[in-house]
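Fold and geometry: a report
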Number of protein chains: 4
Amino acid sequence: MAGIKEECGVFGIYDLDGGNVVPSIYYGLTSLQHRGQESCGLAVSDTKGERGNVKFHKDLGLVSEVLRQDVVRKYEGDIGIGHVRYSTTGASVAENAQPLVLSYVKGTLALAHNGNLVNTPELKWELIQNGAIFHTTTDSEVIAFHIARERVHSKTVEEAVLKTAKKIKGAYGLVVMSPRKLIAVRDPYGLKPLCLGKRGNAYVIASESCALTSVSAEFIRDIEPGEILTITKDGLKSNKELASAAAKRAHCVFEYIYFARLDSTIDGVKVYDARIRGGKSLAKSYPVEADLVTGVPESGLPAAKGYSEASGIPFAFAFYKNSYIGRTFIKPTQEERESSVHLKLSVLESVVKDKRIVLVDDSIVRGTTIANLIHMLKEAGAKEVHVRISSPPFLHPCYFGTDVPSNDQLIAASHSTEEICKMIGADSLGYMQTDYLEGMAGGLPLCKACFDGNYPMEIPDYTNAEFADIVKC
Amino acid sequence: MAGIKEECGVFGIYDLDGGNVVPSIYYGLTSLQHRGQESCGLAVSDTKGERGNVKFHKDLGLVSEVLRQDVVRKYEGDIGIGHVRYSTTGASVAENAQPLVLSYVKGTLALAHNGNLVNTPELKWELIQNGAIFHTTTDSEVIAFHIARERVHSKTVEEAVLKTAKKIKGAYGLVVMSPRKLIAVRDPYGLKPLCLGKRGNAYVIASESCALTSVSAEFIRDIEPGEILTITKDGLKSNKELASAAAKRAHCVFEYIYFARLDSTIDGVKVYDARIRGGKSLAKSYPVEADLVTGVPESGLPAAKGYSEASGIPFAFAFYKNSYIGRTFIKPTQEERESSVHLKLSVLESVVKDKRIVLVDDSIVRGTTIANLIHMLKEAGAKEVHVRISSPPFLHPCYFGTDVPSNDQLIAASHSTEEICKMIGADSLGYMQTDYLEGMAGGLPLCKACFDGNYPMEIPDYTNAEFADIVKC
Amino acid sequence: MAGIKEECGVFGIYDLDGGNVVPSIYYGLTSLQHRGQESCGLAVSDTKGERGNVKFHKDLGLVSEVLRQDVVRKYEGDIGIGHVRYSTTGASVAENAQPLVLSYVKGTLALAHNGNLVNTPELKWELIQNGAIFHTTTDSEVIAFHIARERVHSKTVEEAVLKTAKKIKGAYGLVVMSPRKLIAVRDPYGLKPLCLGKRGNAYVIASESCALTSVSAEFIRDIEPGEILTITKDGLKSNKELASAAAKRAHCVFEYIYFARLDSTIDGVKVYDARIRGGKSLAKSYPVEADLVTGVPESGLPAAKGYSEASGIPFAFAFYKNSYIGRTFIKPTQEERESSVHLKLSVLESVVKDKRIVLVDDSIVRGTTIANLIHMLKEAGAKEVHVRISSPPFLHPCYFGTDVPSNDQLIAASHSTEEICKMIGADSLGYMQTDYLEGMAGGLPLCKACFDGNYPMEIPDYTNAEFADIVKC
Amino acid sequence: MAGIKEECGVFGIYDLDGGNVVPSIYYGLTSLQHRGQESCGLAVSDTKGERGNVKFHKDLGLVSEVLRQDVVRKYEGDIGIGHVRYSTTGASVAENAQPLVLSYVKGTLALAHNGNLVNTPELKWELIQNGAIFHTTTDSEVIAFHIARERVHSKTVEEAVLKTAKKIKGAYGLVVMSPRKLIAVRDPYGLKPLCLGKRGNAYVIASESCALTSVSAEFIRDIEPGEILTITKDGLKSNKELASAAAKRAHCVFEYIYFARLDSTIDGVKVYDARIRGGKSLAKSYPVEADLVTGVPESGLPAAKGYSEASGIPFAFAFYKNSYIGRTFIKPTQEERESSVHLKLSVLESVVKDKRIVLVDDSIVRGTTIANLIHMLKEAGAKEVHVRISSPPFLHPCYFGTDVPSNDQLIAASHSTEEICKMIGADSLGYMQTDYLEGMAGGLPLCKACFDGNYPMEIPDYTNAEFADIVKC
């Protein structure tokens, strides 16, 4: 599943009993690590301490690298937020790590954001007119700036957040922390997930329910699309003004196909069940006579299980995955590659030899990985390899925070399914049909624009010169 | 499988065409990383360079940490060996990292060792009489010392290795490198695995065949128990004097149960097949009516698959494993543990709810882990949990390099199977029977002393005071 | 001289021939390191590259630690600025490192600042009214913000800088970089030093002339108080509107007493000469019969030399200084201190035994260090120790960027000279007289407010509640 | 003084009252850091603990880098030794760091060594015959090996040390630690310094007296050449068998010229006094009319002071030294060098302008550094520069541990004083005369073989092939 990347994951917690929330943030972020491996951070406030006393730590690296024991020990508070960010290559972007922590007329504001806005240039333009300056290139800073500006003419932070939410367009799961409040905000379409849990007298906000489980919090409910939930020492307060005004919902289909963790439940739908259903629908759409069904570890395994259940063809493990190949692994040079295939995945020969195999994965980007795996299976003696993909082909860009490669890197953008089947060396190839996606996701209204081009909202065009400059700043 | 640890893995390579072998050592060690995560290292020689010019690098840490790109780039040679060592806690033991590289009358000697000797005190005594001094507390240094001493009165290194092999008793897979030779040695019982592969004109030695695959080398054959294989620029030369004198073979059963990688083949037996057979025999010995079979990730999964195949009960994934919980993960304190269960493994509720489950693992040490998992399954709604263990209970110490916990930590040492079943909260419990182990391992002669106490060789008793001191030095 | 700390040092360079200026920034900052050891950084722009392409790197640590070879190699440009910041203890303040690099309506702006403003709350208030948010707690960010706001209604960056300079009050030596311009600004009082040099076709700006020397640039002239000097591809352009409006000059006397490097020349006065003159005037004010004159290394040595020259009493080295006691040195605990005096400085017994000694230092803060040294000298056999201090006693706070300890830490705030003499165990004690300071500094108009309380400008009082909050944000 | 390097410094301490000696080792090594900056380490034993329980830590780096607070905190004991080693470039030689800690028949032995043996090949040969193997290429390991071998047939460690001392030839200051004893050994010629101090009931051994001072120990006496001093819980025991057999003493002249710290006293002679005397004798040998005398910082300053005192020409500081140019400083490339002279040293123009200067340094190796300094002085306006060197020209190799460059790097090896004077651009040049060295060193018998070729002992020739191999191993 190389090539498709999630933007981020967010976490927030407020222990009304005053307990230190830092260990919970650490464990929560660890369980959201799959949503972003580039950078991470936390910000905490002690509501009993001096006003405005927000401390934070963030850097490039995994949770276990950035939030080491000696670092974590220095932070303490009863209210806090955290963030994980996805992995890019190249440029040092420690400046873009979150949470953002800012000072303004009303004190301190911390913010962590999952998602992507579509009207950032317009929002920036408004700020820029007043001489705004930016330290980062993130739209998260733009959101924070608008909240700060609105705060001057608002009675409460949550009122400023509401005014801001009315202006920003796009996908967002936000946690905002003032020194004494924790606010959760979800975009009116529900594009990005966000949920609420409780452990004793501590309220927990997280991008996925698995993070609630990791801190032994009970799942209460999803934050509603458009809802602004404010947690203070007096408990919960919900504003749904934006929610009721919302035209429609459009949950990101990719959470169910790939992003979310297998044990999470999002908007009432268990991710595991969705993936099993995806595999089953593939079995119905593209039946084939075969001896075994297998999946590409790890992401293809659940759909493979579903295919097996629906087809009656036995499920099998065909690959061994080396779990020690981490981020610091030295990649083979072109020359060495010849003599170092099979490093990450190797085939279990006794499983595949002389077998007709159904190989399930969740997507095809460039096609090189699946081609390699098919080659390895055939070299190990597989008679046939039938590929089934639990998502439709990518054909359109995502404006909401999913890092889909550009068209020239997408094999489906320029080739038919038949051509791809031949190019990757498969005996047959079947993609999930777009119409089946809602069924997979338990009947939820979806955003599946990356497959069919139907965006849930208008995507403004800022290609004229003036805005081009703003986008760059 | 916490609690049972392998000693080490070794790797050696000689490219007769003169190509640089360092990248292959790196990839080979990465694929042997499961055999030891405490420390690692490599030593290389350039046969065309100045005599005795052996360079090495070793330290505490994973292969990806110790052999970083900037480090690896400094080493080059056409002959080299490598080593991974198992993970202990506490004491800084960088000094014990391997390969050992020593200077002596005949030049330089490098050595990497997997296994454990049983007559180390005697061997040390002989050396000590002549004023020997030791830099490490490893028996590997004792072996190296004997080779060096024998070398003075031998015509070749391999002759010195043979004389040494006649004196040392126990388990060993050794790779020895002189500036122009690579020698592989395996103990006469075949307790530790060692195999030979070839890629072009490069010969490769490795503890497991998966390391051959990782460098695209073709598997040639296992090194025979008692064989001394010497690789020079003129090719292979095998000495089997010790092999023919050997009384019997006794391959370590734990390689098949747990140590070896799923995609390796050892002494003609595919590890995957063995584990499937293990699961099948459990199904025959301990049948039960159930709705699904699952395994504890990752090590319990293959035997669970075997159980499923033999019983006809469907296989399922019941757990999600967080792969970001690495060595630097901050473990919860006792207090935090309450609020941070499910960090490493979480249950897929929709799989297990209202189900009767067969849960397969490869061993029980303290019993706390399996008890936790059973508790989690039941909390998620499982009706019954039947535990099947693909090895017999540990009852005896291993003298050959497997780090079995002491009796007071082994639940089976002081409790009957019925008691254990009750203690861990299972509905039934079945251990693999000792008699079935040979069947699992494809009929190979096995050392299964940790289960039945029948050691393949006499274990000398050095408990008298004099030797106690030697053992310490 | 522990206790008195300089704020910062700045450096800027523009090579009109397009050469890479990064090595020069590295060497320049290294020669300004004495002005700040807490953090440092650089920002560079390639004027031939894409518009707005400013890269930067900054962190806590010395120049040699933050700008390591592997880091520096990644940066290249023909225009750049750098900054060193002073060393505090405790709080992690990587966020406050400079240069500040910001994006705004007109592109990118980088800024490095030495000094301290006195009307920051007012300046913040103006920004805050418009919902400004701050990432740091530095007044440097406030300056940058005003430049950015003014830029919207100005034709050029330098015009925006001028408008800003008219609003800000206090001490500043600034370098401002836009992608194609380098601007140097000095406060109208000339409180902080700033000078201009040239090497080939490269213009260099630096806090001190020693940084020009370090990159083989020729000293051209000091930036005039109130001058705004803009360097573009067309050369130099100077605006002195603010300079001519300036009421008077007031150069910080402490640059001559302690801050500046011995080999620098500031506002036409050689620092070395000033310190020699300081020592000479001490000799005239406080003559004493003695056998030798010595100084506390390193800062007391030049004034000691001056005392020797004026008095005719021979100069001698009485102390050895251990240069390996750096920032990571483990300080002795109270208990260990007993057994670890003399670690940093030790006495040369054969120099001081049976001698009457004049001991010169540049200031007394708490008095504990000088007391220790006197004790050491007497223990080594000195008969008399006469202390001469080349500055008057500190009695007033500095608002312009010098970190003078608070009154309760200043021995002179609560004790007469006679009392201090007794407390430190000296045989006599003489402080430089305030009236002599101008003479020491070659007749320059000085700010010596920390000694006499006469501040060159009005210091606004922001102690009311409203501003207190602003100051905190 | 680049080019001439000391081998090492040693430290040992035994607190008979049982106090933890680790902080003292840390401070002692810090004060010996000038004797070696490549690597360092410590080994400690708790005499009340389990027998043989010696712990150690060593690595490449300065004392403040290797013995960081978190590391040091893990070690504790009432007896310990430490070592600093000199700085080389290139090859990673962590293996050669000391103390050496070894296990042998009688337990554990730790050893730290300053100096160099001249009969190492012979000593190795004897060991090699018995199959000895070496982990390092140091002669220190050879010494340890002989002690271990002798220990088998000796009643005590100190007896084994004596037998070893009778066999080894060359220069050595040794501290040897067994779990309950601390032994100090000095070569019979007294080539390397070693002294004894006391603090309360703690005995301290150090290469130089400055290390005693640093831990507040009182200097007791120098260890006599050939003396073996054993410290046990019962106090001191001295063996002078070797001392009385010694033919003559020959203290290394370079300790007085350059190696030792200015505040140390070695063999009754104060280093400071020696350097002052050196400068004075230069004034007598090479008088000149001049306006001021200065020295190259730091090492040339004391002799410059001596020259000034004897000649009556005033002493002056002519250079400023940047103390932030440490080991990680990025050296300018050839190209950058043009634009980055004066980085480490810069000239104080107002001191030297229009002056006739005597410039004193302690030696000339290649001549490039002094040539640069003379050029800088003249550029700053100096009228004449007369160079005086407080040592004779190097003409012969040192076999005792001083790293004198080879002849092709020594300007004096191939040029007359007149030629050198012209090459470096000096107006006159005078070297200390060899006959004056004893006078400088207070009349002590000296080894000054590097100047006159008269070695105090025969230097064996091992150039035949057989030994060449041994030397390499």
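Being a predicted model, the structure only gives us computed values, none of them experimental.

Digging into the overall build of chain A
Check the secondary structure of chain A and you find 19 helices and 24 strands. Viewed in the frame of its principal axes, chain A has a C-alpha envelope of about 70 × 50 × 45 Å. In chain A, which comprises 473 residues, the share counted as buried stands at 58%. Considering only contacts in chain A between residues 6 or more positions apart, those separated by 24 or more positions represent 72%.

Quick notes on the relation of the copies chain A and chain B
Between the two copies of the chain lies a relationship made up of a rotation around an axis and a movement along it. Least-squares fitting of chain A to chain B yields an RMSD of 0.0 Å, with the superposition described by an axial translation of 0.0 Å and a rotation of 180°. On the angle and the small slide along the axis, the relation comes out as a two-fold axis. Mapped onto chain B, 100% of the interface residues of chain A again fall at the interface, so both copies present the same surface.

Quick look at the sheet that holds strand E6 (residues 107-114) of chain B
Read across the sheet, seven strands follow the order E14(B)-E13(B)-E9(B)-E8(B)-E6(B)-E5(B)-E7(D) without closing on themselves; strand pairing throughout is antiparallel. The sheet is open, and its two borders are formed by strand E14 (235-239) of chain B together with strand E7 (133-134) of chain D, each paired with just one other strand. As judged from the five bridges shared by E6 of chain B and strand E8 (residues 173-178) of chain B, these two strands associate in the antiparallel manner. Paired with alanine 112 of chain B across the bridge in E8 of chain B is valine 175 of chain B. Along the sheet, helix H5 (residues 139-152) of chain B makes contact with strand E5 (100-104), E6 and E8 of chain B together with E7 of chain D, crossing E6 of chain B at roughly 145°.

Concerning the sheet that holds strand E6 (residues 107-117) of chain C
Sheet strands pair via backbone hydrogen bonds, and the direction of the pair is either parallel or antiparallel. Strand order across the open sheet formed by seven strands is E7(A)-E5(C)-E6(C)-E8(C)-E9(C)-E13(C)-E14(C), with antiparallel pairing between neighbours. Looking along the sheet, the strands with just one partner apiece sit at the ends: strand E7 (133-134) of chain A together with strand E14 (235-239) of chain C. Pairing of strand E9 (residues 181-186) of chain C with strand E13 (residues 228-232) of chain C involves four bridges; the strand directions are antiparallel. Among the inter-strand pairings, isoleucine 183 of chain C is bridged to a residue of E13 of chain C, identified as threonine 230 of chain C. On the sheet, helix H5 (residues 139-152) of chain C packs against E7 of chain A together with strand E5 (100-104), E6 and strand E8 (170-178) of chain C and is oriented at approximately 135° with respect to E6 of chain C. Of the strands in this sheet, E8, E9, E13 and E14 of chain C touch helix H6 (residues 157-167) of chain C, which is tilted by about 20° from E9 of chain C.

Observations concerning the domain arrangement of chain A
Residue and element names in this part refer to chain A. Per the domain assignment, the segments of chain A are domain 1 (8-250) and domain 2 (269-322 + 332-445). Averaged C-alpha coordinates put domain 1 and domain 2 at centres separated by 35 Å. Taken together, the contact pairs ten residues of domain 1 with five residues of domain 2. Residue assignment for the side of domain 1 that touches domain 2 shows that the elements contributing at least two residues are strand E6 (107-117) and strand E8 (170-178).

Examining the arrangement of the chains
For chain B and chain C, which are not in contact, the least C-alpha distance works out to 11 Å. One finds no contact linking chain A with chain D; the least C-alpha distance across the pair is 11 Å.

Digging into the UniProt feature "active site" (unreviewed entry) in chain A
Here the UniProt feature "active site" (unreviewed entry) sits at Cys8 of chain A. Looking at where cysteine 8 of chain A falls in the secondary structure, it is placed in strand E1 (residues 8-15).

Considering the interface of chain A and chain B
Every contact between the two is made by 50 residues of chain A and, on the other side, 50 residues of chain B. Counting only elements with at least two residues in the side of chain A that touches chain B, the list comes to helix H1 (22-31), helix H2 (63-66), helix H3 (69-72), helix H7 (209-214), helix H10 (271-285), helix H11 (301-311) and helix H13 (349-352) of chain A. At six residues, the largest contribution of residues to the side of chain A that touches chain B is made by H1 of chain A. Split by residue class, the side of chain A that touches chain B holds 22 nonpolar, 18 polar and ten charged.

Notes on unusual backbone geometry
That bond from proline 297 of chain C to glutamate 298 of chain C is cis: its omega, -15°, falls within 30 degrees of zero. Positive phi, close to 60°, is recorded for serine 216 of chain D, a residue that is not glycine. Within the secondary structure layout, serine 216 of chain D lies in the loop between helix H7 (209-214) and strand E12 (218-222). With phi around 50°, aspartate 267 of chain D is a residue other than glycine that occupies positive phi space. One can find aspartate 267 of chain D in the loop between strand E16 (265-266) and strand E17 (269-270).

As for the confidence of the model for chain A
Residues and elements named next belong to chain A. Averaged over all residues, the pLDDT of chain A equals 89, while 92% of them reach at least 70. Segment residues 88-92: pLDDT under 50, and one contact once partners within four positions in sequence are set aside and those in other chains are kept. Across the assembled chains, the prediction reports ipTM 0.90 with pTM 0.84.

Quick notes on the environment of arginine 35 of chain B
All names here are of chain B. Following the sequence through the fold, arginine 35 ends up in the loop between helix H1 (22-31) and strand E2 (39-45). In this structure arginine 35 comes out as buried when scored by C-beta crowding, with 26 C-beta atoms within 10 Å. Considered as a pair, arginine 35 and tyrosine 86 are 51 residues apart in the sequence and their alpha carbons are 6.5 Å apart.

Section: the pairing of strand E10 (residues 195-199) of chain C
Residue and element names in this part refer to chain C. The pairing of E10 with strand E11 (residues 202-206) spans five bridges and is classified as antiparallel. Paired with lysine 198 across the two strands is tyrosine 203, which belongs to E11. Connecting E10 to the next strand, E11, in antiparallel fashion are two residues, including glycine 200 with a positive phi near 60°.

Some thoughts on H6 of chain C
Of all the positions in H6 of chain C, only Val157, Glu158, Ala160, Val161, Leu162, Thr164 and Ala165 of chain C are classed as buried. Buried residues along H6 of chain C sit in contact with H5, E8, E9, E13, E14 and helix H8 (241-245) of chain C.

Remarks on the packing of helix H5 (residues 139-152) of chain A against helix H6 (residues 157-167) of chain A
Residue and element names in this part refer to chain A. At a closest axis distance of 8 Å, the pairing of H5 and H6 adopts a crossing angle of 125°. In terms of their interaxial angle, H5 and H6 are classed as oblique. Helix-helix and strand crossings are classified by hand; for H5 and H6 the assignment is right-handed. Residues Ile143, His146, Ile147, Glu150 and Arg151 of H5 lie in contact with H6, whose contacting residues are Val157, Ala160, Val161, Lys163, Thr164 and Lys167. Taken together, the residues that form the contact of H5 with H6 break down as five nonpolar, two polar and four charged.

Things to note about the pairing of strand E4 (residues 79-85) of chain B
In the case of a regular strand, side chains alternate between the two sheet surfaces. Residue and element names in this part refer to chain B. Most of E4 is tucked away, with seven of its seven residues classed as buried. Burial of the side chains of E4 extends over both faces: Ile79, Ile81, His83 and Arg85 are buried on one face and Gly80, Gly82 and Val84 on the other. For E2 and E4, the ladder comprises seven bridges, and the chain directions are antiparallel. If you follow cysteine 40 over to E4, its bridge partner there is valine 84.

Section: the packing of helix H4 (residues 120-128) of chain D against helix H5 (residues 139-152) of chain D
Residue and element names in this part refer to chain D. For the pair H4 and H5, interaxial distance at closest approach is 10 Å and the crossing angle is 45°. Comparing the axis directions of H4 and H5 gives the class oblique. Between H4 and H5 the crossing geometry is left-handed. Of the residues in H5, those in contact with Thr120, Leu123, Lys124 and Leu127 of H4 are Asp139, Val142, Phe145 and His146. Tallied by class, the residues present in the contact of H4 with H5 amount to four nonpolar, two polar and two charged.

What counts and how
- Residues numbered from 1 in each chain as written.
- Chains lettered and ligands numbered in written order.
- Predicted model: local features only at pLDDT ≥ 70, side-chain atom pairs only at ≥ 80, totals over all residues.
- Helix = DSSP H or I, 4+ residues; strand = E, 2+ residues; numbered from the N terminus.
- Buried ≥ 20, exposed ≤ 12 C-beta atoms within 10 Å, placed from the backbone.
- Contact = placed C-beta atoms within 7 Å.
- Least-squares fit on C-alpha atoms with pLDDT ≥ 70 in both.
- Pairing = 2+ DSSP bridges.
- Axes fitted to C-alpha atoms, helices over the stretch in contact; angles between N-to-C directions.
- Domains from an automatic or database assignment.
- UniProt positions renumbered as here; feature names shortened; annotations may be inferred.
- Nonpolar A, V, L, I, M, F, W, Y, C, P; charged D, E, K, R; others polar.
- pLDDT = per-residue confidence, 0-100.
- Parallel < 35°, antiparallel > 145°, perpendicular 65-115°, else oblique.
- Left-handed = near helix turned anticlockwise from the far one by under 90°.

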